[in-house]
Amino acid sequence: MAGAGEEMKLLSTWFSPFGSRVKLALHLKGLSYEYVEENLQSKSQLLLESNPVHKKVPVLFHRGKALCESMVIVDYIEEAFPDAGPSLLPSDPYERAISRFWVSFIENKFVGPWCQLFEGAKTRAEKAEGLKQILAARMAMEGALEGKPFFGGDSVGCVDIALGGLLVWVRASEVLFGVKFFDAATTPLLSAWAERFAALDAARAALPDFGRVLQYAMMVRGPAAGAVAVNN
């Protein structure tokens, strides 16, 4: 647990998949923190002052200093508390670089199209293109899991956190768009990984309730997002 002088505060929202990443890292490392729920409809002065560039959550406060961007925060947690809990990054420089490559891949090739699909795609053609990119990315991630239970090997690492924080939202999106992103037939390794990850104590503590996220997603996106045909 974080000791005296190590107090941390996390500013986020209950539904944020990016906030979930930070929660996962904190729980995996066994670190205590204060959680503060942000209202994005009426952003607090604390958020506006601590993240003046993007004005987004999550924000982690440690020793009175604010840190932004979920995976930047995860990196910081690992470096600030190297002896707490399991290591989230490999000690070998090459393996550490490979982990960071996959984090970047998830951000650019999976999260980017998913956000565009959920928030920006207007036409069926735009939705189909976004889904096509996501489905291509998942096949690359399937290959990265070959021969190991987690992206980090025998234990969870930063790549698992990068994707695992999105897990509940991925499942909600499957319902909204009528497409299975992780399924036993097409991506058996990813499907098994998702079940394995969701069963972790840290995931149970950090990830939001699926039913509540689905209800929120339907309210924001609309229940008639509709199935989209994608040519693989």
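As the structure is a prediction and not an experimental result, all values here were calculated from the model.

Peer 1: What is the right way to read the packing of helix α1 (residues 17-28) against helix α3 (residues 70-80) from this model?
Peer 2: Helices that pack against each other are described as a pair by the angle of their axes relative to one another and the distance between those axes. Relative orientation of the contacting elements α1 and α3 amounts to 10°, with a least axis distance of 9 Å. The angle between the axes of α1 and α3 places the two elements in the roughly parallel class. Along the contact surface, α1 presents F18, R21, V22, A25 and L26, while α3 presents S70, M71, I73, V74 and I77. A breakdown of the residues in the contact of α1 with α3 according to their chemical character gives eight nonpolar, one polar and one charged.

Peer 1: Looking at this structure, how should I read the side chain of S70?
Peer 2: Within the secondary structure, S70 is located in helix α3. On the basis of relative accessibility, which here comes to 5%, the residue S70 falls in the buried class. If we ignore the near neighbours within four places in the chain, the residues touching S70 are F18, R21, V22 and P58.

Peer 1: How should the packing of helix α5 (residues 124-144) against helix α8 (residues 188-198) be read in this particular structure?
Peer 2: Close contact between α5 and α8 brings their axes to 8 Å; oriented N to C, the two are set at 80°. Of the possible angle classes, the one that applies to α5 and α8 is roughly perpendicular. Of the residues in α8, those in contact with R138, M141 and E142 of α5 are P188, L189 and L190. Looking at the contact of α5 with α8 residue by residue, the class counts come to four nonpolar, no polar and two charged.

Peer 1: Explanation requested: the pattern of salt bridges in the structure shown.
Peer 2: Pairs can form between side chains of opposite charge once their charged atoms are near each other. Under the defined criterion, the tally for this structure stands at seven salt bridges. A salt bridge links E78 to K29; its shortest N-O distance comes to 3.0 Å. In this pair, E78 sits in helix α3 while K29 sits in the loop between α1 and β2 (34-37), placing the two residues 49 residues apart along the sequence. The two residues E78 and K29 agree in class, both being buried. Salt-bridge contacts for D75 lead to R100; the nearest nitrogen and oxygen are separated by 3.5 Å. Separated by 25 residues along the polypeptide, D75 in helix α3 and R100 in helix α4 (residues 93-120) bring together distant segments of the chain. Here the residues in one salt-bridge network are D75, E79 and R100, joined through shared partners.

Peer 1: Explain the nonpolar core to me, please; I cannot follow it from the model alone.
Peer 2: Nonpolar side chains tend toward joint burial in soluble globular proteins. One finds I77, F110, M141, F151, L163, F182 and W193 to be the most contacted residues of the largest nonpolar core, which totals 66 residues. The element best represented in this core is α4, accounting for nine residues. In contact with F182, not counting residues within four places along its chain, are F110, R138, L163, L167, V170, E174, T187, L190, S191, W193 and A194. With five residues, the next largest nonpolar core counts L47, V57, V59 and F61 among its residues.

Peer 1: Help me out: how do you make sense of α8 in this one?
Peer 2: Residues lying three or four places apart along an α-helix face the same way, a consequence of the helix completing one turn every 3.6 residues. Those residues of α8 that sit buried are L190, S191, W193, A194 and F197. Down the axis, α8 shows its buried residues gathered within 160° of arc, on one side only. Elements in contact with the buried residues of α8: α1, α5, α6 (158-164), α7 (167-177) and α9 (201-206).

What counts and how
- Sequence positions are assigned chain by chain, starting from 1 and proceeding in written order.
- Totals for whole chains, interfaces and linings use every residue, but because this is a predicted model, local features are given only for residues with pLDDT of at least 70 and side-chain atom pairs only at 80 or more, for both listing and counting.
- The side-chain numbers reported here are obtained from all heavy atoms of the structure, hydrogens and water having been left aside.
- Here the axes come from fitting lines to C-alpha atoms, over the contacting stretch only for helices, and the angles between their N-to-C directions go from 0 to 180 degrees.
- Elements are defined by DSSP. Helices are runs of H or I of four residues or more, strands are runs of E of two residues or more, and each kind is numbered from the N terminus.
- Here the word oblique covers every angle except those under 35 degrees (roughly parallel), over 145 (roughly antiparallel) and from 65 to 115 (roughly perpendicular).
- Any pair of residues with heavy atoms lying within 4.5 Å of one another is described as a contacting pair.
- Gly is put with the polar residues, along with every residue not named as nonpolar or charged; the nonpolar set is Ala, Val, Leu, Ile, Met, Phe, Trp, Tyr, Cys and Pro, and the charged set is Asp, Glu, Lys and Arg.
- Think of it in three bands: with a 1.4 Å probe and only protein chains considered, a residue is buried below 20% of the maximum accessible area for its type, exposed above 50%, and partly exposed in between.
- We define a salt bridge as a side-chain nitrogen of Lys or Arg found within 4 Å of a carboxyl oxygen belonging to Asp or Glu.
- By convention a nonpolar core is built from buried Ala, Val, Leu, Ile, Met, Phe, Trp, Tyr and Cys residues, the set being connected through side-chain atoms within 4.5 Å.
- The arc in question is traced by the directions running from the helix axis to the C-beta atoms.

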